Amino acid sequence: MAAHRCNIFMLVFVLCGLTYVFVRADIEDTNHVKDAESVAVDIAPKANIGASLRSTKTEDQTQAAEEERQWEAETNPADAPSDNKADHVHDTMQNLDSRPAPYAKDQTQEAAEEERQWEATEVKEADRVPDTMQTPDVPPLTPAKDQFQEELVIRPLHSGDIYASFQFRTMWDTDFLRGSKVSHYRLFPKSLGQVISKFSVRELHISFTQGYWRTMQWGQPFLPSPPGAELWVWFQDTVTDVDGAWKELTNVLSGIFCASLNFIDSTNTVQPSASFKPLGLGNVTDQRFLRYAVLPREIVCTENLTPWKKLLPCGSKAGLAVLMKSEKLFHSSFHSQALHFRPVCQDWKCKSTVWELRQTLNVVFDLHTSGQGKREWSLFKMFSRTVTEACPLASSSKVYVDVTDNPQGELFELSPTTPLLSQAVVLGDRRTYSVYDLTNQATFGQTRSLNMLLRWRAAESGDMLRPLLHGERYVAGYGLQTGEIHTLMYNNHPYRAFPVLLLDTVPWYLRLYIHTLTVTSKGRDNKPSYIHYQPSKDRLRPHLLEMLVQLPPNSVTEVTMQFERALLKWTEYTPDPNHGFYVGSSVISALVPSVVAMDTNSTRECPLFSSFFPCKEESSYFMRVYTEPLLVNLPTPDFSMPYNVICLTCTVVAVGYGSLYNLLTRTFQVEEPSPGLAKRLANIIRRLRGVPLL
């Protein structure tokens, strides 16, 4: 009975072991199938990696089975046949498990094949790219929507000075006014693009100028600007609150350029009716969307130049901008930096428009500021630097030197020489320029640096042709009650008259007498054909006067008008009221006859068909001239009076009240005369003896 019970226990134990073996084999088979499916899904691993993983797994499973057989043999030594049978079943399951499942094997092969195809496709595509680039029949790639150009124009002036003008132009084919915001900026400055998009600006023109351009000595500048800060903006017709947008825009630009544009308000902002038409595309005639303001007292410094240079694609790290060293630029007779934003044609057909951002910097170097007394100029002497490379982002980078007055080299010598010459009609005059292309490495020579040297040969520069249009302005009168403003406009053309548009902006504290307005030319009254006058309102808006006047040939037209000085509140005066108050420059706009069409020499050899009509293709050109700003003294109270009152009051209090207070609070006592010497000696002796004193 006991043996039978032992056999039953042994049979149950063997059945449990077989159950354990079959369950373990089934679990391992399931895990292996899952691993094979994951390998089939993932095409990245290689086939050999999977094989190594499977071999490693098989070895682990074989070692586990061996350990299990040893454990069973030690547990059941009497049941050898059963143990052999279990080993046979376990070995069979292990052999099945060591072979990969058919589904897993197929997926692994497909994964490896897909991987090989993917790698082959990638190689083929990489190989096909150079072939495609080299194929001549393939059309060129689509050009970039933005491009950048930079130029430097150097013009020797007849006064012996040097005029340098930097021109940076960024063009971008995009739409700032669409519903979705522009988020990707490559060459165009993002800070300015966001401002234009937010305030719906169509045209933006801003300039910062230190000094006054001497037209009679230097001629006409490429882009004129008045002393101080000038800002005029055209808004889109979708703007409902133009005044609010104008106020916010001035505050934002004040932060961008580190300037005092936040002082622009309704007291110095006007809305011209005829002047400052759009310079870009667009037939906008509604002057409600135009605002103009000028701050004649604005001082231009390095803090204004630094943010201006940061708007360039290359900054001041490469290209022509490396020459902009503030120490040299501000140590000059004239300095002006400007920024112009407007829509222009994309091509000559003008089927589409692009946005143009043009940054300009004009500077005039004085002959005597160098202290050497020699009439020799070079890039290093002017800017303390030389040009070593063009801006990598620029499609064009050139330096122009005006050699119109030096055709044979008798006036000055320019080195290094260049065979490239360019002719252009600038401000109605045909000019010739020597061109240095910075994108060509041969321009820099072996030194890899361009330092142009201009050495004067003649002691005198010759006579300069007088500008055809010139303006002046001054204040007349005496006392601090009334005065008179005189504006002079010169027409130096020998035989041709032309109309000009005069814009005057006068602050409200100069109360104009419009009935005293007189316009005279050659001693005769010259009646304007158009007058627009907007009177001022105290502390709200300035005077605005626009006139269209015909200037006779070779004449001086004088515009005079009387005014009365107003009394300001003591809080409205500047910190230095005795210095005076500035009045912005007058603006003269005109279509001036060209110098090319002004030639009256009929004896010069030329084709007869070209000399019958005096007008030519460059018969007239647009010009804008700014006069000097005015400095007017106003009735100023004696701001030292509070100091005097304080000093006088303190003196009265100290002397008068102090004496009375002493008399009322002081106590008086009768002082006996001091005893004699003999009596004092006697008292000393009596004190020593203990006897009462005398």
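Counting restarts for each chain: residues are numbered from 1 in the order of the written sequence. The predicted nature of this model means local features are confined to residues of pLDDT at least 70 and side-chain atom pairs, given and counted, to a pLDDT of 80 or more, with totals for whole chains, interfaces and linings taken over all residues. Side-chain measures were taken over the full set of non-hydrogen atoms in the model, leaving aside hydrogen atoms and water.

A. Just the packing of helix H5 (residues 190–199) against helix H7 (residues 242–257), in detail. Angular values range over 0 to 180 degrees, each being the angle between N-to-C directions of two axes fitted as lines to C-alpha atoms, with helices fitted over their stretch in contact. For the purposes of this entry, the term helix denotes a DSSP run of H or I that reaches at least four residues, the term strand denotes a run of E that reaches at least two, and both are numbered from the N terminus. With their axes 11 Å apart at the nearest point, H5 and H7 run at an angle of 175° to one another. Here H7 runs roughly antiparallel to H5, going by the angle between their axes. In this structure, H5 uses Ser191, Val195 and Phe199 to contact H7, whose residues at the interface are Ala245, Glu248, Leu249, Val252 and Ile256. Broken down by class, the residue content of the contact of H5 with H7 amounts to six nonpolar, one polar and one charged. For classification purposes, angles smaller than 35 degrees are called roughly parallel, those larger than 145 roughly antiparallel, those between 65 and 115 roughly perpendicular, and all remaining angles oblique. A contact between two residues is defined here by any heavy atoms of the two lying within 4.5 Å. Under this grouping Gly is polar, as are all residues other than the nonpolar Ala, Val, Leu, Ile, Met, Phe, Trp, Tyr, Cys and Pro and the charged Asp, Glu, Lys and Arg.

B. Structural context of the confidence of the model for the protein. For every residue, the predictor reports its confidence as pLDDT, a number between 0 and 100. Here the protein averages 77 in pLDDT, and 72% of its residues register 70 or above. The low-confidence segment residues 70–142, where pLDDT is below 50, has 56 contacts with residues more than four positions distant or belonging to other chains. Contacts for the low-pLDDT stretch residues 600–604, under 50 throughout, to residues beyond four places or in other chains number two contacts.

C. Spotlight on the layout of surface pockets. When its volume is computed, the largest pocket comes out at roughly 1,100 Å³. Cavities and pockets were defined on a 1 Å grid built from protein atoms only: a cavity is a group of points that admits a 1.4 Å probe but offers it no way out, a pocket is an open group of points flanked by protein on both sides within 12 Å along at least five of seven lines, and a lining residue is one with an atom within 4 Å of any such point. In terms of lining, the largest pocket is formed by 37 residues, of which the most central are Gln167, Phe222, Leu223, Arg358 and Val426. Among the elements that take part in the lining of the largest pocket, strand E25 (residues 620–626) stands out by supplying five residues, more than any other. Its volume calculated, the second largest pocket comes out at about 900 Å³. Taken together, 26 residues make up the lining of the second largest pocket; nearest its centre are Phe263, Asn268, Leu295, Tyr509 and Thr574. Looking at the lining of the second largest pocket, the elements that each hand over two or more residues are strand E6 (290–295), strand E17 (498–506) and strand E23 (581–583). Its residues assigned to classes, the lining of the second largest pocket shows 14 nonpolar, seven polar and five charged. Grid points are joined across faces, edges and corners, and a volume is the space filled by probe spheres set on the points.

D. Seen up close, the pairing of strand E24 (residues 587–593). A simple rule labels every residue: compare its accessible area, found with a 1.4 Å probe on the protein chains alone, to the largest value its type can have, and call it buried under 20%, exposed over 50%, or partly exposed in between. Along E24, six of the seven residues are buried, which leaves the element largely enclosed by surrounding structure. When DSSP finds two or more bridges between a pair of strands, those strands are recorded as paired. Judged from the four bridges that link them, E17 and E24 form a sheet pairing that is antiparallel. Note that in E24 the partner of valine 500 across the bridge is alanine 590. Note that E24 and E25 share seven bridges and pair antiparallel. Within E25, the residue paired with alanine 590 across the bridge is methionine 623.

E. Region of interest: the pairing of strand E3 (residues 201–210). Counting buried positions over the ten residues of E3 gives eight, a clear majority of the element. Taken together, the eight bridges between E3 and strand E4 (residues 228–235) define a ladder with antiparallel strand orientation. Bridge pairing in E4 places valine 201 opposite phenylalanine 235. By the bridge criterion, seven bridges tie E3 to strand E7 (residues 334–345) in an arrangement that is antiparallel. Looking across to E7, one finds that serine 207 is bridged to alanine 338.

F. The sheet that holds strand E16 (residues 482–491), seen in detail. With antiparallel pairing, five strands are arranged side by side in an open sheet as E15-E16-E22-E18-E19. Edge positions in the open sheet fall to strand E15 (469–476) and strand E19 (524–525), since each of these has one partner strand only.

G. Representation of the packing of aromatic side chains within the structure. The rule is short: rings of Phe, Tyr and Trp, with Trp giving its six-membered ring, pair when the centres are within 6.5 Å, and they are stacked under 30 degrees, edge-to-face over 60, tilted in between. Within the structure shown, the criterion is met by 24 aromatic pairs. With a centroid separation of 6.3 Å and an interplanar angle of 5°, the aromatic rings of phenylalanine 148 and phenylalanine 168 are classed as stacked. Taken together, the residues span a long stretch of sequence, with phenylalanine 148 in strand E1 (residues 146–156) and phenylalanine 168 in strand E2 (residues 162–172) at a distance of 20 residues. Across the pair, exposure class does not vary: phenylalanine 148 and phenylalanine 168 are buried alike. Ring centres of phenylalanine 166 and phenylalanine 168 lie 6.3 Å apart, and the angle between their planes is 5°; this geometry places the pair in the stacked category. One aromatic cluster in this structure is built from Phe148, Phe166, Phe168, Trp308, Phe365, Trp377 and Phe383. Charge-over-ring placement is defined geometrically: NZ (Lys) or CZ (Arg) within 6 Å of the ring centre, and within 35 degrees of the ring normal. The ring of phenylalanine 222 has arginine 155 lying over it, and the distance from NZ or CZ to the ring centre is 5.4 Å.

H. A look at helix H12 (residues 677–689). The span you would expect from a helix comes to 1.5 Å times its residue count less one. Taking 1.5 Å per residue, 13 residues should reach 18 Å; H12 reaches 19 Å between its end C-alpha atoms and fits that length. With its phi angle positive at about 80°, glycine 690 sits one or two positions after the end of H12.

I. Highlighting the state of the cysteines. The criterion for a disulfide is a pair of cysteine sulfur atoms lying within 2.5 Å. Evaluation of the coordinates by the stated rule reveals two disulfides. A sulfur-sulfur distance of 1.9 Å marks the disulfide that ties cysteine 345 to cysteine 350. With the S-S bond torsion at -65°, the cross-link from cysteine 345 to cysteine 350 turns out left-handed. Here cysteine 650 is not cross-linked by a disulfide; its sulfur's nearest cysteine counterpart is in cysteine 647, at 6.8 Å. For cysteine 650, a relative accessible area of 49% puts it in the partly exposed group.

J. Looking closely at unusual backbone geometry. The omega torsion across serine 415 and proline 416 is 0°, close enough to zero to call that bond cis. If you trace the backbone, proline 416 turns up in the loop between strand E11 (412–415) and strand E12 (421–426). Even without being glycine, cysteine 258 reaches a positive phi, approximately 55°. With respect to the secondary-structure elements, cysteine 258 resides in the loop between H7 and strand E5 (269–270). What makes cysteine 258 partly exposed here is its relative accessible area of 40%.

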